[in-house]
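If you want the building blocks of each chain, they are given just below.
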Amino acid sequence: MENSTRVICGIAFHTLERDVMTPLVDCAIAVDSAGTIQSVTTPGDKNHDGILARAEADGTVFPVPEDCYLVPGLVDLHIHAPQWPQLGKALDAPLEDWLLKYTFPLEAKFSDRDYAFEVYDDLVATLLAQGTTTAVYFGSVDLEPNIILAEACLRHGQRAVIGKVAMDDPATCPDYYRDPSASDAIAQTRAFIDAVAALQKGGEPLVHAAITPRFVPSCTDDLLHGLGALAQQTGAHVQTHCAESDWEVAYVRDRLGKTDTEALKDFGLLTDKTILAHSNFVTRSDMSLLAKTGSSIAHCPLSNAYFANAVLPVTRALEHGIKVGLGTDISGGFSPSLFDTARYALTASRCACAGTNPDQLAAERGTNETPLTTTEVFWLATKGGGEAAALPVGAFEKGMQFDAIAVQAGHATSGFRCSDADTMQDIFEKLVLNANAAAIAKVWVAGETIETTSKQGR
Ligand code: GUN
Ligand code: FE
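Residues numbered from 1 in each chain as written. Chains lettered and ligands numbered in written order. Predicted model: local features only at pLDDT ≥ 70, side-chain atom pairs only at ≥ 80, totals over all residues. Heavy atoms only, no water.

Trainee: Pulling in residues and values, what's your account of the packing of aromatic side chains?
Mentor: Applying the stated rule across the entire model yields 14 aromatic pairs. Ring centres of Phe378 and Phe428 lie 4.9 Å apart, and the angle between their planes is 85 degrees; on these two criteria the pair is classed as edge-to-face. You can see Phe378 sitting in helix α14 (residues 374-388) and its partner Phe428 sitting in helix α15 (residues 424-434), a full 50 residues away along the chain. For Phe378, a relative accessible area of 1% corresponds to the buried category. Through a chain of ring-to-ring contacts, the aromatic side chains of Phe13, Tyr69, Phe378, Phe416 and Phe428 assemble into a single cluster. (Phe/Tyr/Trp six-rings, centres within 6.5 Å; stacked < 30°, edge-to-face > 60°. Helix = DSSP H or I, 4+ residues; strand = E, 2+ residues; numbered from the N terminus. Buried < 20%, exposed > 50% of the residue type's maximum accessible area, 1.4 Å probe, protein only.)

Listed below in structure tokens is the structure:
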């Protein structure tokens with residue numbers, strides 16, 4: 001089976017455009033041995049019957065399980081892997097205090113290899129069971145645990161972008177948890193890029209390394225300059241936090257006399273493979289800069305309710321031409337589910353656009369911009385995320401990788417039920433707003449079926 005083309009059939013939903021869902025009823029998706037989609041056909045298309053007949057003769061037709069709907073795998077653009085043990089707690093402090101009080105002490109513990117192995121094994125398995133087929137991870141400062149995370153992704157079969165966190169400024173980073181110098185952080189980042197490449201031989205790599213300055217306040221100018229040069233040299237992904245909170249924006253303005261976005265641009269860190277977490281406070285001029293450099297935003301609506309105290313105007317960013325996807329921001333966000341994150345993005349957008357203060361008149365209450373729709377938040381979770389991560393995932397199209405989940409309607413714990421009265425759009429919207437992890441019956445990455453821990457438990 002490994003080397004043959006296979007054909008997955010059933011009803012699929014995807015969003016090629018951000019506000020249009022296309023149902024693919026009784027489709028056949030032909031996938032080659034490298035996990036690349038060769039064709040997507042529906043009854044009536046020229047080659048559809050021939051593709052199915054050939055695959056049936058070869059025994060390589062795989063119908064999705066009963067009552068299942070196929071959707072592209074979810075793309076989580078922003079996860080802090082070493083914050084996994086802290087999920088759902090310690091959210092009682094603003095960002096700058098939370099980092100020092102809870103988060104740096106926890107991340108420092110990952111220098112213990114056994115601890116890193118245990119936590120990362122559980123994290124990767126859990127996220128796959130939640131339907132996250134592509135995960136963009138911040139690791140920690142030490143090199144070794146980040147390699148352990150990359151190995152966990154390869155072992156479980158999760159597509160990933162992973163960064164060794166770089167942070168060297170003694171003014172903001174504690175002695176027990178920082179790179180000893182800018183040059184050391186740059187050398188270790190380079191070593192991590194090489195180590196990730198060495199773990200994988202040939203073909204489209206499943207795991208990519210990212211240059212990862214934590215955020216401007218954690219890094220000296222020398223480090224930011226050096227990592228910018230490394231980004232230009234290697235063409236590797238870049239990830240960092242940008243304009244997340246009032247404190248961060250003020251800190252960067254005080255230190256550098258410019259916005260976060262302008263600073264990152266001047267350090268050479270804005271490329272078309274850069275993912276900026278949050279970016280709530282980017283100005284319209286920053287937005288134009290991000291569109292020009294092709295850098296993307298990881299919108300983290302749940303975490304923003306705690307640390308940003310503001311809602312990213314997603315539609316405004318998209319209309320500027322910026323690539324946008326979604327992030328859980330584990331553990332600044334308390335849910336590991338990208339479906340939950342899509343729902344928070346929807347509700348946050350509705351609140352921001354309509355406003356929330358009942359003492360104000362309706363016309364003065366909100367931004368009066370158009371809120372995100374169910375279709376749009378699904379697009380952000382799939383195709384938008386794939387584009388933002390510069391990876392060939394997020395929709396069922398020829399040439400894309402087959403990363404997918406089968407979502408099952410009807411059983412007691414799935415949260416997702418359909419009736420004969422439902423149109424395809426109704427079923428899709430119910431799936432996006434109601435389906436939970438128990439509804440995820442099957443997960444594929446790069447055409448391979450993934451064993452998820454939730455399945456083993458049932
Ligand atoms: N800014 C710098 N580090 C972090 C982090 O770990 N989480 C969030 N949400 N913002 C950050
Ligand atoms: Fe974050």
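From this point on, the discussion continues.
Trainee: Please give an account of the site of ligand 1 that cites residues and values.
Mentor: Surveying the vicinity of ligand 1 reveals the residues His80, Gln83, Leu95, Trp98, Leu99, Arg214, Phe215, His241, Glu244, His278, Phe307 and Asp329. Within the side chain of His80, a nitrogen or oxygen atom sits 3.4 Å from a nitrogen atom of ligand 1. At a separation of 2.7 Å, an oxygen atom of ligand 1 approaches a polar side-chain atom of Arg214. Relative to its unbound accessible area of 280 Å², ligand 1 is 100% covered by the protein chains. It is helix α2 (residues 95-108) that contributes the most residues to the shell around ligand 1, 3 residues altogether. Among the residues making up the shell around ligand 1, the classes are represented as 5 nonpolar, 4 polar and 3 charged. (Near = heavy atom within 4 Å. Polar contact = N/O pair within 3.5 Å; in protein donor to acceptor, adjacent residues only side chain to side chain. Areas by Shrake-Rupley, 256 points an atom, 1.4 Å probe, with all protein chains shown as cover. Nonpolar A, V, L, I, M, F, W, Y, C, P; charged D, E, K, R; others polar.)

Trainee: So what's going on with the coordination of the iron ion (ligand 2)? Which residues, and what values?
Mentor: Here the iron ion (ligand 2) is held by the protein donor atoms His78 (NE2), His80 (NE2), His241 (NE2) and Asp329 (OD), which lie 2.1 to 2.4 Å from it. Taken together, the 4 donor atoms coordinating the iron ion (ligand 2) span angles of 84 to 176 degrees at the metal, a pattern that classifies the geometry as irregular. Binding-site remark: the iron ion (ligand 2) is held by donors from one chain whose sequence spacing is H-x1-H-x160-H-x87-D. Taken as a pair, His241 in strand β10 (residues 237-242) and Asp329 in the loop between β13 (323-326) and α12 (338-354) lie far apart in primary sequence, 88 residues in all. Asp329 shares its class with His241; the two are buried. (Donors = N, O, S within 2.8 Å, 3.2 Å for Na, K, Ca; no water. Tetrahedral: all angles 85-135°; square planar, octahedral: opposite > 155°, others 65-115°.)

Trainee: Before we move on, could you go through the packing of α14 against α15 and cite the residues and values that matter?
Mentor: Packing of α14 against α15 brings their axes to within 10 Å, and their N-to-C directions diverge by 60 degrees. One element, α14, and the other, α15, form an angle in the oblique class. Where α14 crosses over α15, the two elements pack in a sense that is left-handed. Residue-level inspection shows Thr374, Thr375, Val377 and Phe378 of α14 in contact with α15, the latter providing Gln425, Phe428, Glu429, Val432 and Leu433. (Axes fitted to C-alpha atoms, helices over the stretch in contact; angles between N-to-C directions. Parallel < 35°, antiparallel > 145°, perpendicular 65-115°, else oblique. Left-handed = near helix turned anticlockwise from the far one by under 90°. Contact = heavy atoms within 4.5 Å.)

Trainee: Talk me through unusual backbone geometry; I want residue IDs and the actual numbers.
Mentor: Put simply, Ile330 and Ser331 share a cis peptide bond, and its omega is 5 degrees. Within the secondary structure, Ser331 is located in the loop between β13 and α12. Backbone geometry places Ala243, a non-glycine residue, at a positive phi of 45 degrees. Looking at the element boundaries, Ala243 is found in the loop between β10 and α7 (246-256). At Ser279, a residue that is not glycine, the phi angle is positive and equals roughly 60 degrees. In this fold, Ser279 is placed in the loop between β11 (274-278) and α9 (284-293).

Trainee: Outline helix α4 (residues 143-156), supporting the account with residue identities and numerical values.
Mentor: Across its 14 residues, α4 extends 21 Å between first and last C-alpha, which sits within 8% of the 20 Å expected from 1.5 Å per residue. Residues of α4 that are buried include every one of Pro145, Asn146, Ile147, Ile148, Leu149, Ala150, Ala152, Cys153 and His156, and no others. Buried residues in α4 make contact with α3 (113-129), β7 (132-138), β8 (159-166), α5 (182-199) and β9 (207-213). Two residues or fewer after α4 comes Gly157, characterised by a positive phi angle close to 90 degrees. (Expected span 1.5 Å × (residues − 1).)

Trainee: Go over the environment of Ala345 with me, naming the residues and quoting the values.
Mentor: Of note, Ala345 is situated in helix α12. When its relative accessible area of 1% is taken as the criterion, Ala345 is described as buried. Measuring from C-alpha to C-alpha, the distance between Ala345 and Thr132 comes to 17 Å, with 213 residues separating the pair along the chain. Aside from chain neighbours lying at most four places away, what touches Ala345 is His299, Pro301, Leu326, Leu372 and Val377.

Trainee: Hey, could you go over the nonpolar core for me, with residue numbers and the actual values?
Mentor: Counting residues in each nonpolar core, the largest one holds 97 residues, and the members touching the most others are Phe13, Tyr120, Tyr137 and Ile162. The greatest single-element share of this core, amounting to 8 residues, is contributed by α3. Residues contacting Tyr120, with those up to four places away along its chain left out, are Ala81, Pro82, Phe110, Ser140, Pro145, Ile148, Leu149 and Ala152. Counting residues in each nonpolar core, the second largest holds 17 residues, with Leu24, Val31, Phe402 and Ala404 among its members. (Core = buried A, V, L, I, M, F, W, Y, C linked by side-chain atoms within 4.5 Å.)

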